Amino acid sequence: MENDLYRLMRPALAALLLAVVGCGKDQPARFQPPPGAPTGKETLLQPAKLTSVESDRKDALGRPLRVSCESCHSLRETKPMPSRPEELKEFHQGLQFRHGELACTSCHQAEAPRTLHLATGEPLPMTEVVTLCAQCHGPQYRDFKAGAHGGMTGYWDLSRGDRTRNNCVSCHDPHTPKYAGAHPVMPPRDTSAHGEPGPKESRDHE
Ligand code: HEC
Ligand code: HEC
Ligand code: HEC
Ligand code: HEC
């Protein structure tokens, strides 16, 4: 009885064995070596807007000149933080604000407005703004650290080179953080596949 069962199952067993051996043929001959020691370093982008504002003057290349916060604020007496953007009349007029139900002083220190603060009250320099965002947006910060939110330039594999992470405020204005939606547009027309002159740029150079 047992023997009969074995005879019945033999073709199936043989096929299984073949499949297992056959699999090996699809494997690469050699595996890639694991990444080496992470010798590259990671830097965080520091957008200019954390320490300066655009002026209406232009440099020789037509780019707006920037004025550092300190060049005005070191001369001004520190005023307490306003509670609404409309209270800014001498400068920074037209600031838009739409960020949940936050108060200006949820982020800016009331008596030292160019410095941020954590929920504990601990002061935080402007250049450490990511720590501020992280305390209220844990899931995005977790994803950011894992490389799944926010993007980067450089190398994933730090043994091959350095990488630069974008700052939260590279993409999100802290006052109006909603990421502006984008409208889908027609894809570029690739005529080269049909033996016609290539894309538009070849005509632009005429
Ligand atoms: C060209 C000069 C100038 C520059 C540059 C400037 N500010 Fe101001 N800032 C002002 C003036 C003037 C006011 C007062 C506006 C009012 O109360 O009507 C002000 C007000 C403020 C306030 C409100 C609290 C206070 O002290 O009155 C904050 C916060 C602030 N500035 C932050 C900044 C930051 C951050 C930067 C750089 C990113 C910056 N400012 C750059 C001139 C400047
Ligand atoms: C979520 C945190 C946060 C809140 C809330 C917030 N700010 Fe800011 N603010 C920042 C950061 C970060 C900067 C520097 C970077 C930048 O300007 O984008 C800044 C810069 C500024 C500046 C100077 C540069 C600029 O953008 O014009 C002014 C003025 C200012 N804030 C006023 C206000 C006022 C008024 C409110 C309340 C209506 C407010 N902020 C609420 C984080 C915040
Ligand atoms: C004190 C807590 C707090 C801090 C600090 C804070 N946020 Fe927020 N943020 C909120 C709340 C509350 C909302 C609104 C959530 C809602 O409406 O569902 C929000 C909404 C957002 C949104 C979604 C906006 C939309 O309309 O879809 C983005 C993006 C965002 N925050 C980014 C940031 C960034 C970047 C920073 C750092 C500069 C920051 N937040 C700092 C509390 C905070
Ligand atoms: C490269 C640009 C970029 C950077 C850098 C970036 N984000 Fe975003 N973030 C986005 C985009 C795009 C969306 C909108 C996704 C969507 O609408 O589905 C978004 C959405 C969000 C939202 C709203 C999520 C929701 O469900 O409404 C929050 C909160 C947020 N980001 C926080 C952060 C924080 C905190 C950082 C820094 C640690 C950060 N982001 C860095 C591009 C960025």
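Just so it is clear, the model here is predicted, and its values are computed rather than measured. (Residues numbered from 1 in each chain as written. Chains lettered and ligands numbered in written order. Predicted model: local features only at pLDDT ≥ 70, side-chain atom pairs only at ≥ 80, totals over all residues. Heavy atoms only, no water.)

S.K.: Go over the coordination of the iron atom of ligand 4 with me, naming the residues and quoting the values.
M.R.: Within the protein, the atoms that donate to the iron atom of ligand 4 are His149 (NE2) and His172 (NE2), at distances of 2.1 Å. Every donor counted, the 6 donor atoms about the iron atom of ligand 4 form angles of 86 to 179 degrees at the centre, which fits octahedral coordination. Here His149, found in the loop between α4 (138-145) and β6 (152-154), pairs with His172, found in the loop between α5 (168-171) and α6 (201-204); they are 23 residues apart in sequence, far enough to count as distant. Residue classification places His172 among the partly exposed positions, given a relative accessible area of 28%. (Donors = N, O, S within 2.8 Å, 3.2 Å for Na, K, Ca; no water. Tetrahedral: all angles 85-135°; square planar, octahedral: opposite > 155°, others 65-115°. Helix = DSSP H or I, 4+ residues; strand = E, 2+ residues; numbered from the N terminus. Buried < 20%, exposed > 50% of the residue type's maximum accessible area, 1.4 Å probe, protein only.)

S.K.: Any details on the site of ligand 2? Residues and values, ideally.
M.R.: The environment of ligand 2 is formed by 18 residues, the closest being Met81, Cys104, Cys107, His108 and His175. Residue His108 places a side-chain N or O atom 2.7 Å away from a nitrogen atom belonging to ligand 2. Here His175 contributes a side-chain N or O atom positioned 2.9 Å from a nitrogen atom of ligand 2. Taken together, the residues that form the shell around ligand 2 break down as 13 nonpolar, 4 polar and 1 charged. (Near = heavy atom within 4 Å. Polar contact = N/O pair within 3.5 Å; in protein donor to acceptor, adjacent residues only side chain to side chain. Nonpolar A, V, L, I, M, F, W, Y, C, P; charged D, E, K, R; others polar.)

S.K.: Lay out the nonpolar core with the relevant residues and their values.
M.R.: Among the nonpolar cores identified, the biggest contains 8 residues, and these are Leu50, Leu116, Leu118, Leu124, Met126, Val129, Leu132 and Val169. Other than its neighbours up to four places away in sequence, Leu124 contacts Thr115, Leu116, His117, Leu118, Thr131 and Leu132. (Core = buried A, V, L, I, M, F, W, Y, C linked by side-chain atoms within 4.5 Å. Contact = heavy atoms within 4.5 Å.)

S.K.: Describe in detail the site of ligand 4, supporting the description with residues and values.
M.R.: All residues adjacent to ligand 4 are Cys133, His137, Gln140, Phe144, His149, Gly150, Asn166, Asn167, Cys168, Cys171, His172 and Tyr179. Taking His149, its side chain carries an N or O atom lying 2.8 Å from a nitrogen atom of ligand 4. Between a nitrogen atom of ligand 4 and a side-chain N or O atom of His172, the distance comes to 2.8 Å. Elements represented by at least two residues in the shell around ligand 4 include exactly α4 and α5. Its residues placed into classes, the shell around ligand 4 shows 5 nonpolar, 7 polar and no charged.

S.K.: Outline the side chain of Asn167, supporting the account with residue identities and numerical values.
M.R.: With respect to the helices and strands, Asn167 occurs in the loop between β7 (163-165) and α5. Within the structure, Asn167 has its side chain in polar contact with the backbone oxygen of Leu45 (distance 3.0 Å).

S.K.: Outline unusual backbone geometry, listing residues and values.
M.R.: One can expect most non-glycine residues to show negative phi and most peptide bonds to be in trans. At His92, a residue that is not glycine, the phi angle is positive and equals roughly 60 degrees. Turning to its location among the elements, His92 is positioned in the loop between α2 (69-73) and β4 (116-117). Judged by its relative accessible area of 35%, His92 falls in the partly exposed class.

S.K.: Explain the side chain of His73 residue by residue, including any values.
M.R.: Tracing the backbone shows His73 in helix α2. A residue is classified by how much of its surface remains accessible, and His73, at 19% relative accessible area, is buried. If sequence neighbours within four positions are ignored, His73 has contacts with His92 and Arg114.

S.K.: Can you lay out the coordination of the iron atom of ligand 2 for me, pointing to particular residues and giving the numbers?
M.R.: Distances from the iron atom of ligand 2 to its protein donors, namely His108 (NE2) and His175 (NE2), fall within the range 2.0 Å. Residue classification places His108 among the buried residues on the basis of a relative accessible area of 16%. Of the residues examined, His175 reaches a relative accessible area of 23% and is grouped as partly exposed.

S.K.: With reference to specific residues and values, describe the environment of Phe97.
M.R.: Positionally, Phe97 belongs in the loop between α2 and β4. The partly exposed category is assigned to Phe97, whose relative accessible area is 30%. In the structure, Phe97 is positioned 77 residues away from Pro174 in sequence and 8.7 Å away in space, judged by C-alpha atoms. Not counting the four nearest positions on each side in its chain, Phe97 is found in contact with Pro85, Leu102, His175 and Thr176.

Honestly, it's all geometry; don't read function into it.
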